[in-house]
Amino acid sequence: TDTDFIVWRIAYESDVLQRREAAMNRTRLAGYLTTSHRFLAMTKRSQYIDPVDPFHDENSRAKIVPGRRKYLFVYPFVKTRPWYLMSQEDRQTAMSEHIRVGTKYPSVKLNTTYSFGLDDQEFVVAFETDIASDFLDLVQELRETEASKYTLRDTPMFTCVRTEMPAILDELL
């Protein structure tokens, strides 16, 4: 309720993000904007997926190539402390089930980024799809997995419809 639109910025260097923020702050629009939430995270290879390098596969669920689908669902994510106290083998078993569920919904692209020490959450996840009901079904099914027991927080949830900036500006006027 406190967010009218999301600007999803992705860069390979943090100073690029800083320059984009500064450029936005120099616009006339900046005086009317308030940042209600900001999630900073970085990509890194998941320890739970197979060792083939997915970052060279354009269609991989592990590669972030944003903005190709109609809907975007973004939220911060925090695991419980007991999750990290489990053995790597037990966590892998739980995540393998979680991943199997995800692969049942190929229309939903997962973008997982890591925030350990960078921000208040441990992860920022962004799902993209052209079929919102697939995302709903995916999340409902994921709630029934073993790994779900170890979720401490996965809110606030932001549901967005991909819109180009000129259209957003037209809607704000």
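Before any of the text, the structure's been laid out above.
Attention in this report is confined to the structure presented alongside it. (Residues numbered from 1 in each chain as written. Predicted model: local features only at pLDDT ≥ 70, side-chain atom pairs only at ≥ 80, totals over all residues. Heavy atoms only, no water.)

**Considerations on the environment of D134**
Basically, it comes down to this: Secondary structure follows DSSP: runs of H or I at least 4 residues long count as helices, runs of E at least 2 residues long count as strands, and numbering of each begins at the N terminus.
With respect to the element layout, D134 can be found in helix α4 (residues 132-142). Separated by 45 residues in the primary sequence, D134 and E89 place their C-alpha atoms 30 Å from one another.

**Quick notes on the pattern of salt bridges**
Using the following cut-off: Each reported salt bridge corresponds to a side-chain nitrogen of Lys or Arg within 4 Å of a carboxyl oxygen of Asp or Glu.
All chains considered together, the criterion is met by seven salt bridges. Across the salt bridge formed by E21 and R38, the nearest N and O atoms sit 2.9 Å from each other. Residue E21 is found in helix α1 (residues 14-25), and its partner R38 is found in the loop between α1 and β1 (71-79); the two are separated by 17 residues along the sequence. Salt-bridge contacts for D154 lead to R143; the nearest nitrogen and oxygen are separated by 3.3 Å. One end of the pair, D154, is in the loop between β4 (151-153) and β5 (158-161); the other, R143, is in the loop between α4 and β4, and eleven residues separate them in sequence. A network of salt bridges, in which partner residues are shared, links R9, E21 and R38.

**Re the pairing of strand β3 (residues 123-129)**
We count it as follows: Exposure categories follow from relative accessible area, calculated using a 1.4 Å probe and restricted to protein chains: below 20% of the type maximum is buried, above 50% is exposed, and the middle band is partly exposed. Only strands that DSSP links by at least two bridges are regarded as paired with each other.
Among the seven residues that make up β3, seven are buried, leaving the element largely enclosed by the rest of the structure. Because side chains alternate across β3, one face comprises the buried residues F123, V125, F127 and T129, and the other comprises V124, A126 and E128, equally buried. Two strands pair when backbone bridges link them, and β1 and β3 are joined in this way by seven bridges, in the antiparallel orientation. Counterpart to F73 in the pairing with β3 is F127.

**Quick word on unusual backbone geometry**
T155 connects to P156 through a cis peptide bond whose omega is 5 degrees. Tracing the sequence through the fold places P156 in the loop between β4 and β5.

**A short note on the packing of aromatic side chains**
For the record, the criterion: The rule is short: rings of Phe, Tyr and Trp, with Trp giving its six-membered ring, pair when the centres are within 6.5 Å, and they are stacked under 30 degrees, edge-to-face over 60, tilted in between. The criterion is that NZ of a Lys, or CZ of an Arg, lies within 6 Å of the ring centre and within 35 degrees of the ring normal, and then a charge sits over that ring.
The tally for this structure, following the rule as stated, stands at twelve aromatic pairs. In this structure an aromatic cluster arises from ring pairing among Y71, F73, Y75, F77, Y84, Y114, F116, F123, F127 and F135. Sitting over the ring of Y114, K44 keeps its end group 5.4 Å from the ring centre. The lysine or arginine in question, K79, covers the ring of W83, its NZ or CZ lying 4.1 Å from the ring centre.

**Describing the packing of helix α3 (residues 88-103) against α4**
Selection rule: A fitted line through C-alpha atoms represents every axis, and for helices the fit uses only the stretch in contact; the resulting angles, taken between N-to-C directions, go from 0 to 180 degrees. The labels follow the angle: roughly parallel below 35 degrees, roughly antiparallel above 145, roughly perpendicular from 65 to 115, and oblique for the rest. Should the near helix be turned anticlockwise from the far one by less than a right angle, the crossing is left-handed, and should it be turned clockwise, the crossing is right-handed. Whether two residues touch is decided by their heavy atoms; if any such pair falls within 4.5 Å, the residues are in contact. Any residue outside Ala, Val, Leu, Ile, Met, Phe, Trp, Tyr, Cys, Pro, Asp, Glu, Lys and Arg is labelled polar, Gly included; the first ten of those are nonpolar and the last four are charged.
Axis separation between α3 and α4 bottoms out at 10 Å; the angle between their running directions is 160 degrees. By the angle class used here, α3 and α4 are roughly antiparallel. You can see that α3 and α4 cross each other, and the crossing is right-handed. Of the residues in α4, those touching α3 at H98, V101 and G102 are L138, E141 and L142. Looking at side-chain class alone, the contact of α3 with α4 contains three nonpolar, two polar and one charged residues.

**Things to note about the side chain of K109**
Rule in force here: In summary, the charge assignment counts Lys and Arg as positive and Asp and Glu as negative, without counting His or the chain termini. The term polar contact refers here to a pair of N or O atoms within 3.5 Å; inside protein, the definition further demands a hydrogen-donor-capable atom paired with an acceptor-capable atom, and it admits residues adjacent in sequence only when both atoms are side-chain atoms.
Among the structural elements, K109 can be located in strand β2 (residues 109-114). Despite its burial, K109 remains without a salt bridge, the nearest opposite charge being carried by E128 at 5.8 Å. Reaching out from K109, the side chain makes a polar contact with the side chain of N111 at a distance of 3.5 Å.

**Here we look at the nonpolar core**
If you look at soluble globular proteins, the nonpolar side chains tend to sit buried side by side. Convention followed: In plain words, nonpolar cores are sets of buried Ala, Val, Leu, Ile, Met, Phe, Trp, Tyr and Cys residues tied together by side-chain atoms within 4.5 Å.
Counting 15 residues, the largest nonpolar core has V108, F127, F135 and L138 as its most contacted members. Looking at this core element by element, the count peaks at four residues for α4. If you look at the next biggest cluster of nonpolar residues, it comprises seven residues, including Y48, A94, M95 and Y150.

Purely geometric numbers; function is a separate question.
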